[in-house]
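Working through the structure, step by step
Now for the letters of each chain:
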Amino acid sequence: MGTAVILGGGISGLATSYYMSRASRKLFDKIILIESSDRVGGWMNSQRYDNGAVYEFGPRSVRTAGEAGKNTLQLVEEIGLESDLIPIGRSHPATRNRFIYVKGQLCKLPSGIGSLIKTIPPFSKPFALSLLQEPFKSSQLVGDDISIHDFFVDRFGQEIAEYAANPFCRGVFAGSSKHLSVKSCFPNVYNAVKTHGSIAKGLLLGERKKPPYKLDGRLVKRAVTEKWASWSTVNGLGGLSDTLHDKVKDHVQFHLNSPCQRIVHQDDKFTVHFNDKRQVVADHVFSTISAEDLAVLLDSKEDKLKLSLEIGPSVDVAIAHIEFDPKDLLSINGFGHLVPSTEPGCSNLGVIYDSLTYPQLDRKDRKVMKFTVMMGGWWFQEIFPSGASSKHIEDIAITSIQNQLNVKTGPICIKTKVLEKCIPQYLIGHSERLEQIEDYIYDNNLPLSLLGSSYHGVSVNDCIYNARKEVDRILGHHSQRSR
């Protein structure tokens, strides 16, 4: 019998607490979650206003693809959230219509066979031609970690690197494709080229590993049958974190408004000091806070680990939720558009067309067209050299909508927020630094698990799936030792 301490109450901490609480109580009879703020959910932060509108100050949807996507669906079914879901199918315009803003105009990215075989702006040749040529290209780059930009130039050419990989990295990571690691951000395509010489050959001929879990529950089957691409809930994604909290609160001790001060390793345990004078002795610590925050908390005896945890910065992102009268807008239909970093005169990363994807989350008192404008990220200091005031964020958001969507009027409503250090950057060499960290923990037999978006994926699905696998690994490891 022992005590498990979870640092951080974001989606990784909540998922860890859920998987811990449903497991056998023979190993950890006490589970404690310590969170510095006054709420759980972390960056998953949905706010409902008096007019009925739900604004997402963080992630806004979850994809269904892959093992991790199916695992999250299974979790949703287990916690009883299925009836609250708003699914988006693969044929929905928000799935099929994705745009980039290039050379002063919106350009729809290829989404079907017809568009793949045509030459569409801003590309100078059909997308399919680059895909067909890729298996026959030799590569001198794979073997060492390289940037996403260099990798896509090598495999597909300059245009796809600039107009596809570049804006994708800005939309997902708020990061620069010239600095992000292809090995860590796109491990499947990197390994395909490294092992088989091309992405196409690797995906076709690569070894299919047996999934660690049977993910074929009722909701997974429904999503497959109905061809879901993504989903949210009637309360925004905050509905997921709130429901998880409700599910585990009777089995987990939650300490909110409890910033952790330091963590000291001694005699195969950690003493966790928090809330000034409180402390708890943990048989195992699951850290779901950022790597840089954990480094500050560790005792000086772990200087080597502290140094290794400096694996890369997390960037700030400014967002503006902005509403316009729909009659003032030209006809647009899709998920949104991204802006490559090479596009002159643009200070935003992209724009999400919220009302076209989830109109259920719009205000109820009048018809509006709601957008989210994203700014900053890797370029935050460049865009906001004197700090991001609400007025500055509003000006950029309004200008972006008016110029990029040809809107002549002003907004009905606008709300802004800066999300500080919200997205970790997996820079070149990230995977090697992770190996050093994991080797140190193993060699020194530290009762410490590293979870959250700093390490093995930034998406909601990644965070939940990694929590499940790590909890099962720790429980299995201790079960074997006790035999």
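The structure contained in this document is the topic of the report that follows. Everything numeric in this text was worked out from a predicted model, so none of it was measured. Numbers given for residues are sequential positions, taken from 1 along each chain in its written order. Local features in a predicted model are, by the rule used here, given only for residues with pLDDT of at least 70; side-chain atom pairs are given and counted only at 80 or more, and totals for whole chains, interfaces and linings are based on all residues. Excluding hydrogens and water, the side-chain figures rest on all heavy atoms present in the structure.

1. With respect to the overall build of the protein chain
Secondary structure counts use DSSP, requiring at least four H or I residues in a row for a helix and at least two E residues in a row for a strand, with both numbered from the N terminus. In terms of regular secondary structure, the protein chain is built from 19 helices and 20 strands. It is over C-alpha atoms that the radius of gyration is taken, and the globule rule equals 2.2 Å times the number of residues to the power 0.38. Computed over its C-alpha atoms, the radius of gyration of the protein chain comes to 23 Å, within 12% of the 23 Å expected for a compact globule of 483 residues. Projected onto its principal axes, the C-alpha coordinates of the protein chain cover approximately 65 × 60 × 50 Å. Accessible area is worked out with a 1.4 Å probe on protein chains only. A residue is then buried under 20% of its type maximum, exposed over 50%, and partly exposed in between. When burial is assessed residue by residue, the protein chain has 54% of its 483 residues classed as buried. Contacts are residue-level and defined by heavy atoms, with any inter-residue pair within 4.5 Å sufficient. Taking all contacts inside the protein chain whose residues are at least 6 apart in sequence as the whole, residues at least 24 apart take part in 73%.

2. A few points about the sheet that holds strand 18 (residues 369-376)
Spatial ordering of the open sheet is given by 8-7-16-17-18-15-19, a layout of 7 strands whose pairing is mixed. Because the sheet does not close on itself, it has two edges, and the strands there are strand 8 (105-108) and strand 19 (413-424). Sheet twist, expressed as the mean angle between neighbouring strand axes with direction ignored, is 25 degrees. A strand pair is defined by DSSP finding two or more bridges across the two strands. As paired elements, strand 7 (residues 98-102) and strand 16 (residues 336-338) share 3 bridges and run parallel to each other. Directly across from Ile100, in strand 16, lies its bridge partner Leu338. Lines fitted to the C-alpha atoms define the axes, with helices restricted to the stretch that makes contact. Angles between their N-to-C directions range from 0 to 180 degrees. Packed onto the sheet, helix 17 (residues 390-404) meets strand 7, strand 8, strand 15 (314-324), strand 16, strand 17 (348-352), strand 18 and strand 19 and runs at close to 60 degrees relative to strand 15.

3. Quick notes on empty space enclosed by the protein
Residues are called lining when one of their atoms sits within 4 Å of a cavity or pocket point, these points coming from a 1 Å grid over the protein atoms alone, where a cavity is a set in which a 1.4 Å probe fits but cannot get out and a pocket is an open set with protein on both sides within 12 Å along at least five of seven lines. Grid points are joined across faces, edges and corners, and a volume is the space filled by probe spheres set on the points. Inspection of the entire model under this criterion finds 2 cavities of 30 Å³ or more. Taken as a whole, the largest cavity holds about 80 Å³ of empty space. Listing elements by their share of the lining of the largest cavity, those giving two or more residues are strand 4 (54-56) and strand 18. Per-element tally for the lining of the largest cavity: the top contributor is strand 4, with 3 residues.

4. With respect to the pairing of strand 2 (residues 30-34)
Taken across its 5 residues, strand 2 has 4 buried, putting it largely inside the fold. Note that strand 1 (residues 3-7) and strand 2 share 5 bridges and pair parallel. Pairing of Leu7 across the sheet is with Ile34, part of strand 2. Of the pairings in the sheet, the one linking strand 2 to strand 10 (residues 253-255) comprises 3 bridges and is parallel in character. Note on strand 10: the bridge partner recorded for Leu33 is Phe254.

5. Some thoughts on the packing of helix 2 (residues 66-78) against helix 11 (residues 218-225)
Where helix 2 meets helix 11, the closest approach of the two axes is 7 Å, and the angle between their N-to-C directions is 125 degrees. The pairing of helix 2 with helix 11 is recorded here as oblique in orientation. Of the two possible hands of crossing, helix 2 and helix 11 adopt the one that is right-handed. Each of Lys70, Leu73, Gln74, Val76 and Glu77 in helix 2 lies in contact with helix 11, whose residues at this interface are Arg218, Leu219, Val220 and Ala223. For this classification, Asp, Glu, Lys and Arg are treated as charged, while Ala, Val, Leu, Ile, Met, Phe, Trp, Tyr, Cys and Pro are nonpolar and the rest, including Gly, are polar. Per-class residue counts for the contact of helix 2 with helix 11 are 5 nonpolar, 1 polar and 3 charged. Working definition: roughly parallel below 35 degrees, roughly antiparallel above 145 degrees, roughly perpendicular at 65 to 115 degrees, and oblique for all remaining angles. Take the far helix as your reference; a near helix turned counterclockwise from it by less than a right angle gives a left-handed crossing, and one turned clockwise gives a right-handed crossing.

6. Brief notes about the environment of Thr399
Relative to the helices and strands, Thr399 resides in helix 17. The class for Thr399 is partly exposed, based on a relative accessible area of 38%. Residues Thr399 and Gly410, spaced 11 residues apart in sequence, show a C-alpha to C-alpha distance of 9.6 Å.

7. Here we look at the sheet that holds strand 13 (residues 278-282)
The sheet built from 3 strands is open, its strands ordered 11-12-13 with antiparallel pairing. The sheet terminates laterally at strand 11 (260-266) and strand 13, the two strands that pair on one side only. Each strand of the sheet is rotated relative to its neighbour by a mean of 20 degrees, with strand direction disregarded. In this structure, strand 11 lies alongside strand 12 (residues 269-274), joined through 6 bridges in antiparallel fashion. Bridging from a neighbouring strand, His265 pairs with Phe270 of strand 12.

8. Details of the side chain of Asn348
Tracing the backbone through its elements, the reader meets Asn348 in strand 17. Leaving out residues up to four positions away in the same chain, Asn348 has contacts with Arg170, Val339, Val373, Met374, Met375, Ser400 and Gln404.

9. A word on the pattern of salt bridges
Oppositely charged side chains can form a pair if their charged atoms are brought close together. For salt bridges, the criterion is a side-chain nitrogen of Lys or Arg within 4 Å of an Asp or Glu carboxyl oxygen. Counted by the stated rule, this structure contains 20 salt bridges. When the shortest N-O distance is used, the salt bridge between Glu323 and Arg363 registers 2.7 Å. Taken together, the residues span a long stretch of sequence, with Glu323 in strand 15 and Arg363 in the loop between helix 15 (354-357) and strand 18 at a distance of 40 residues. Taken as a pair, Glu323 and Arg363 share a single burial class, namely buried. Among the ionic contacts, a cluster of salt bridges with common partners joins Glu77, Glu82, Arg218, Arg222 and Glu226.

10. Remarks on the nonpolar core
If you look at the biggest cluster of nonpolar residues, it comprises 40 residues, and the most contacted ones within it are Ile11, Trp231, Leu240, Phe286 and Ile464. Of all the secondary-structure elements, those providing two or more residues to this core are strand 1, helix 1 (11-22), strand 2, helix 2, helix 11, strand 9 (228-233), helix 12 (238-248) and helix 19 (460-482). The element that contributes the greatest number of residues to this core is helix 19, accounting for 7 residues. In this structure, Ile401, Leu405, Val407 and Ile423 belong to the second largest nonpolar core, which totals 38 residues. Side-chain atoms within 4.5 Å link the members of a nonpolar core, which is a set of buried Ala, Val, Leu, Ile, Met, Phe, Trp, Tyr and Cys residues.

11. Quick notes on the packing of helix 1 against helix 12
The geometry of helix 1 relative to helix 12 is characterised by a closest axis approach of 10 Å and an angle of 35 degrees between their N-to-C directions. Our pair here, helix 1 against helix 12, has a crossing hand that is left-handed. The segment helix 1 lies against helix 12, with Ile11, Leu14, Ala15, Ser17, Tyr18 and Ser21 engaging Leu240, Ser241, Leu244, His245, Lys247 and Val248. A breakdown of the residues in the contact of helix 1 with helix 12 according to their chemical character gives 7 nonpolar, 4 polar and 1 charged.

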